[in-house]
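What follows is the residue order along each chain.
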Amino acid sequence: MSFTPNGKHLVAGEWLEGNGTFASTPAHGPSHDFAVGTVEIVNKAAEAAEEAFLSYGYSSRADRAAFIRAIADEIEARADTITEIGTQETGLPVARLQGERGRTTGQLRLFADHIEKGDYLDRRVDAALPDRQPLPRPEIRLIQRPIGPVAVFGASNFPLAFSTAGGDTAAALAAGCPVVVKGHSAHPGTGEIIADAILAAIKKTGVHPGVFSLIQGGNRQVGEAVVQHPLIKAVGFTGSLAGGRALFNLCAARPEPIPFFGELGSVNPMFLLPEAMKARAETLGQGWAGSLTMGAGQFCTNPGIAIVTDGPDADRFTKATVEALEKVQAQTMLTDGIAKAYRDGQERFQSRNSVKPLLTTDSAERQASPNLFEISGDQFMADHALSEEVFGPLGLVVRVGSTAEMEKLARNFEGQLTATIHMDEGDLDEAKRLRPILERKAGRVLVNGFPTGVEVVDSMVHGGPYPASTNFGATSVGTMSIRRFLRPVSYQNMPAGLLPEDFQ
């Protein structure tokens with residue numbers, strides 16, 4: 001039986017209506033009405049989160065792990081319904097939604113395991129030195145503690161893994177921080193059913209219901225109210241550079257500024273070195289085409305720019321890329337707005353006399369077909385707009401005259417989520433010169449791979465210097481992402497019975 005959303009906000013265990021509604025715009029299937037968020041709803045959610053923090057923030061790691069695992073179980077119990085409405089709202093294929101659901105439950109369970117181990121607490125003890133001269137030293141202990149209620153913004157391109165119960169929510173709940181989610185209006189029904197799963201986990205484990213709230217979208221003022229609420233202590237965001245920067249500025253301008261952990265934009269450049277190109281230019285072109293068009297290019301790690309040394313090998317590479325892209329059918333984009341932004345990006349490239357079209361297609365309504373362009377290194381560096389992200393299956397080949405020019409171009413890039421080196425053994429010396437440049441530009445540096453696909457593991461960094469993200473020292477994927485919602489506290493000369501339980 002098809003799922004019909006109730007269209008309400010979930011605040012502290014209760015489904016609440018708003019003062020108006022907005023209609024969802026699914027790729028296919030029925031549209032539904034959802035309550036528009038209000039400042040009053042934000043206040044209720046934030047106050048409930050603060051009340052919940054008094055118990056949840058000081059609960060045991062075992063209890064929090066049980067709650068997080070219960071969320072994963074409840075999501076899996078709703079698997080078919082999630083897939084049904086998720087595919088309707090986003091246009092993503094069934095296999096993609098199923099895989100993303102597995103990633104979502106997997107990262108929840110990963111965090112449960114992570115906090116049970118306790119290593120993230122970074123416990124440090126300096127014993128007292130009462131006989132030290134000229135002054136004695138007290139005993140000092142350090143441990144990481146949760147910061148308080150956290151706001152999370154759902155992402156348009158990942159309705160599960162980066163949204164209601166996605167990585168930011170999982171990390172915050174693991175840290176001991178209640179979460180207020182501002183749902184994305186592109187998939188409000190998906191958000192509602194995930195919220196229902198979290199509510200079931202709340203009831204099953206007995207945690208305070210204020211530990212989680214979902215406020216549906218439909219109103220830009222709601223997002224502003226969330227980040228400016230004095231009880232919110234940090235924000236997790238995945239979205240556009242313009243929207244993220246506006247929210248970042250609001251966080252910084254608060255009477256009490258708070259950290260804004262935003263993932264904003266990245267073109268994820270690839271540097272294809274000469275020996276690799278000589279050996280496998282066609283294979284590299286085919287691989288790039290596959291990565292570029294995966295999910296209609298709607299991945300934040302989509303490799304939009306390939307830098308190659310001019311010559312016959314570059315010709316082979318571009319020819320193979322074009323031939324592979326020509327076989328890709330039009331794909332449905334996540335929203336009408338994203339589809340329009342993709343067409344605007346294509347028009348930006350086509351309007352430049354410096355840019356040579358290698359493959360141009362017509363994309364209409366919510367459909368997107370791949371496009372490929374080419375430019376020289378000098379002309380690319382002279383036109384900053386061409387280094388800005390186009391969200392979709394659009395690629396740019398940048399031809400340089402030498403590897404020295406390739407290094408110069410690498411230095412010219414802004415911050416990225418990823419940077420890739422394609423190399424063979426004979427390229428090692430050049431790769432050694434390039435790697436230190438790229439590691440200053442990106443959070444993840446790859447060799448002989450494609451960056452689409454972000455492993456949820458301890459060692460992953462999904463972030464980078466601005467504008468890839470607003471905090472170069474943070475990651476939004478992997479267990480290290482829990483650090484965003486913790487702060488170190490030192491305890492001096494504190495009796496054992498007064499110390500936090502995690503010191504026992």
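Everything discussed here concerns the structure shown above.
None of the values given here were measured: they were computed from a predicted structure.

Enquirer: Break down the nonpolar core for me, citing the residues and quoting the values.
Expert: Ranked by size, the top nonpolar core spans 91 residues in total, and within it F67, F380 and F485 carry the most contacts. Among the elements that take part in this core, helix α6 (residues 188-205) stands out by supplying 8 residues, more than any other. Among all residues touching F485, those that are not within four sequence positions of it are R145, P146, I147, V150, D168, A171, A172, A175, C177, A234 and F261. Core analysis: the second largest hydrophobic core is formed by 22 residues, I41, A151, I215 and V222 among them.

Enquirer: Give me the lowdown on the sheet that holds strand β5 (residues 124-126), citing residues and values where you can.
Expert: If you trace the 3 strands from one edge of the open sheet to the other, you get β5-β6-β21, paired in antiparallel fashion. Each of the sheet's edge strands pairs with one partner strand only, and the pair in question is β5 and β21 (486-492). Neighbour-to-neighbour, the strand axes of the sheet open up by a mean angle of 25 degrees, direction not taken into account. Pairing of β5 with strand β6 (residues 140-146) involves 3 bridges; the strand directions are antiparallel. In the strand pairing of β6, V125 is matched with R141.

Enquirer: Lay out α6 with the relevant residues and their values.
Expert: The end-to-end C-alpha distance of α6 is 26 Å, a good match for the 26 Å that 18 residues give at a rise of 1.5 Å each. The buried fraction of α6 amounts to 14 of the 18 residues, a majority that puts the element mostly inside the structure.

Enquirer: A description of the state of the cysteines should follow, citing residues and the corresponding values.
Expert: Applying the stated criterion to the full structure yields 0 disulfides. C251 supplies the cysteine sulfur nearest to C177, a cysteine that is in no disulfide, at a spacing of 15 Å.

Enquirer: Please provide a residue-by-residue account of the pattern of salt bridges, values included.
Expert: For the coordinates displayed, the defined rule picks out 28 salt bridges. Its salt-bridge partner being R78, residue E74 comes within 2.7 Å of it at the nearest N-O pair. The same class applies to E74 and to R78, which are both buried. One connected set of salt bridges, linked through shared partners, spans E74, R78, D196 and K204.

Enquirer: Let's hear about unusual backbone geometry: which residues, and what values?
Expert: Residue Q133 is joined to P134 through a cis peptide bond whose omega torsion reads 10 degrees. Considering the arrangement of structural elements, one finds P134 in the loop between β5 and β6. The backbone of A296 shows a phi angle near 60 degrees, a positive value even though the residue is not glycine. Within the element layout of this structure, A296 appears in the loop between α9 (274-293) and β13 (305-309). Residue A296 is classed as buried on the basis of its relative accessible area of 0%. With phi around 50 degrees, E365 is a residue other than glycine that occupies positive phi space.

What counts and what doesn't
- Within any chain, residue numbers begin from 1 and follow the written order of that chain's sequence.
- Per-residue local features are limited, in this predicted model, to residues with pLDDT of at least 70; the limit for side-chain atom pairs, both in listing and counting, is 80 or more; totals at the level of whole chains, interfaces and linings are taken over all residues.
- The side-chain figures draw on all heavy atoms in the structure; neither hydrogens nor water molecules are used.
- Only buried residues count toward a nonpolar core, which is a set of Ala, Val, Leu, Ile, Met, Phe, Trp, Tyr and Cys residues joined through side-chain atoms within 4.5 Å.
- Categorising residues by exposure relies on relative accessible area from a 1.4 Å probe, with only protein chains included: less than 20% of the type maximum marks a residue as buried, more than 50% marks it as exposed, and the intermediate range marks it as partly exposed.
- Each helix is a run of DSSP H or I of at least 4 residues and each strand a run of E of at least 2, with the numbering of both proceeding from the N terminus.
- Contacts are residue-level and defined by heavy atoms, with any inter-residue pair within 4.5 Å sufficient.
- Note on pairing: DSSP must find at least two bridges between two strands before they are called paired.
- For helices, the fitted axis covers only the stretch in contact; all axes are lines through C-alpha atoms, and the angles between them, taken along N-to-C directions, range from 0 to 180 degrees.
- Helix span, as expected, comes to 1.5 Å for every residue beyond the first.
- Throughout, disulfides are identified as pairs of cysteine sulfur atoms within 2.5 Å of each other.
- By salt bridge we mean one thing: a side-chain nitrogen of Lys or Arg within 4 Å of a carboxyl oxygen of Asp or Glu.

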